[in-house]
Amino acid sequence: MESSSATPGGRTRREVTRQKLYEAAVTLIAEQGFSATTVDEIAERAGVAKGTVYYNFASKSDLFEELLRHGVGLLTASLREAAERTDREGGSRVDALDAMIRAGLVFIDRYPAFTQLYVAELWRTNRTWQSTLMVVRQQAVAVVEGVLREGVAGGEFSEEIDVPLTASALVGMVLVAALDWKSFQPERSLDDVHAALSRLLQGRVSGTH
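Predicted model only: the values in this text are computed from it and were never measured.

K.L.:
How do you make sense of the layout of surface pockets when you look at a structure like this?
P.N.:
Rolling a probe over the atoms, with the probe sized like a water molecule, indicates the empty space that remains. Considered as a void within the structure, the largest pocket measures approximately 260 Å³ in volume. If you go around the largest pocket, the residues you meet are Tyr118, Val119, Leu122, Trp123, Met134, Arg137, Val141, Ser168, Val171, Gly172, Leu175 and Val176. Of all the secondary-structure elements, those providing two or more residues to the lining of the largest pocket are helix 6 (112-122), helix 7 (130-153) and helix 8 (163-184). Of the residues forming the lining of the largest pocket, the biggest block, five residues, is contributed by helix 8. Split by residue class, the lining of the largest pocket holds nine nonpolar, two polar and one charged. Approximately 210 Å³ is the volume found for the second largest pocket.

Structure, rendered in structure tokens:
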């Protein structure tokens, strides 16, 4: 059995092991696909015994479903923190959206393989974890929706804005633009990409020129 005692960094050994398994799984699945990736390969990449995988997750599908929860959870937390930090600093709702765009880019820059998998899985409807993916996706989008609703209520945004669709569009814009950046324009800096998306936000959402 795996020890649950805390490591020097404050996380339990199990949390550290699960993080290793997440990282191994996302890298392998990004490289060769879900079906072609075996539990043996995940264990070997993570540097643990095969039994450790099954101690932490019931199956490969369970591992991948938890990976999606974990990854999107991190993204959601980073978006929420960006919005809350802007609020504490007295910024506008446009400032909050801009900070969230940057937070999204930082996340994708740090976890490009996960982002690639996440976007690919959004288009698949035959996976056992599809319902889970829809739930965690909505959690991330809901953070953006909240800021948009606050902006409408405060008169900063037009009441004609379709909040759910606009929130989805903003999240999608960041995901697709960032993947294009990482795949086809890697020479561009994060600041450069953020500046381009920020200008688009200012013109399309706030109505300023």
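K.L.:
Before we go on, may I ask you to explain the environment of Ala142 in this structure?
P.N.:
The topology assignment puts Ala142 in helix 7. On the basis of relative accessibility, which here comes to 36%, the residue Ala142 falls in the partly exposed class. When the C-alpha atoms of Ala142 and Thr27 are compared, they prove to be 28 Å apart, with 115 residues separating the residues in sequence.

K.L.:
Please explain empty space enclosed by the protein as it appears in this structure.
P.N.:
Tallied over the entire structure, the rule returns one cavity of 30 Å³ or more. Size it by volume and the largest cavity reaches roughly 140 Å³. If you go around the largest cavity, the residues you meet are Leu75, Leu79, Leu97, Met100, Ile101, Gly104, Ile108, Val144, Leu170, Val171, Val174 and Leu175. The element that contributes the greatest number of residues to the lining of the largest cavity is helix 5 (residues 93-110), accounting for five residues. Along the lines of polarity and charge, the residues of the lining of the largest cavity split into 11 nonpolar, one polar and no charged.

K.L.:
Is there a simple way to explain the packing of aromatic side chains in this structure?
P.N.:
By convention here, two paired aromatic rings are described through the distance between centres and the angle between planes. Counted by the stated rule, this structure contains five aromatic pairs. Here the aromatic cluster, defined as three or more aromatic residues joined through ring pairs, consists of Phe107, Tyr111, Phe114 and Tyr118. Stacked on the ring of Phe34, the Lys or Arg Lys60 has its end atom at 4.4 Å from the ring centre. Note that Lys182 overlies the ring of Trp181, its terminal NZ or CZ placed 4.7 Å from the centroid.

K.L.:
Help me understand the environment of Asp62, please; the structure alone is not making it clear to me.
P.N.:
Tracing the backbone through its elements, the reader meets Asp62 in helix 4 (residues 60-88). Sequence spacing of Asp62 and Ile42 is 20 residues, and the spatial spacing of their C-alpha atoms is 13 Å. Here the side chain of Asp62 touches Ala58 through a polar contact of 3.1 Å, landing on its backbone nitrogen.

Procedures and definitions
Residues numbered from 1 in each chain as written. Predicted model: local features only at pLDDT ≥ 70, side-chain atom pairs only at ≥ 80, totals over all residues. Heavy atoms only, no water. 1 Å grid on protein atoms, 1.4 Å probe; cavity = no way out; pocket = protein on both sides within 12 Å on 5 of 7 lines; lining within 4 Å. Points joined across faces, edges and corners; volume = space filled by probe spheres on them. Helix = DSSP H or I, 4+ residues; strand = E, 2+ residues; numbered from the N terminus. Nonpolar A, V, L, I, M, F, W, Y, C, P; charged D, E, K, R; others polar. Buried < 20%, exposed > 50% of the residue type's maximum accessible area, 1.4 Å probe, protein only. Phe/Tyr/Trp six-rings, centres within 6.5 Å; stacked < 30°, edge-to-face > 60°. Lys NZ or Arg CZ within 6 Å of the ring centre and 35° of its normal. Polar contact = N/O pair within 3.5 Å; in protein donor to acceptor, adjacent residues only side chain to side chain.

The analysis is restricted to geometry; functional conclusions fall outside its scope.
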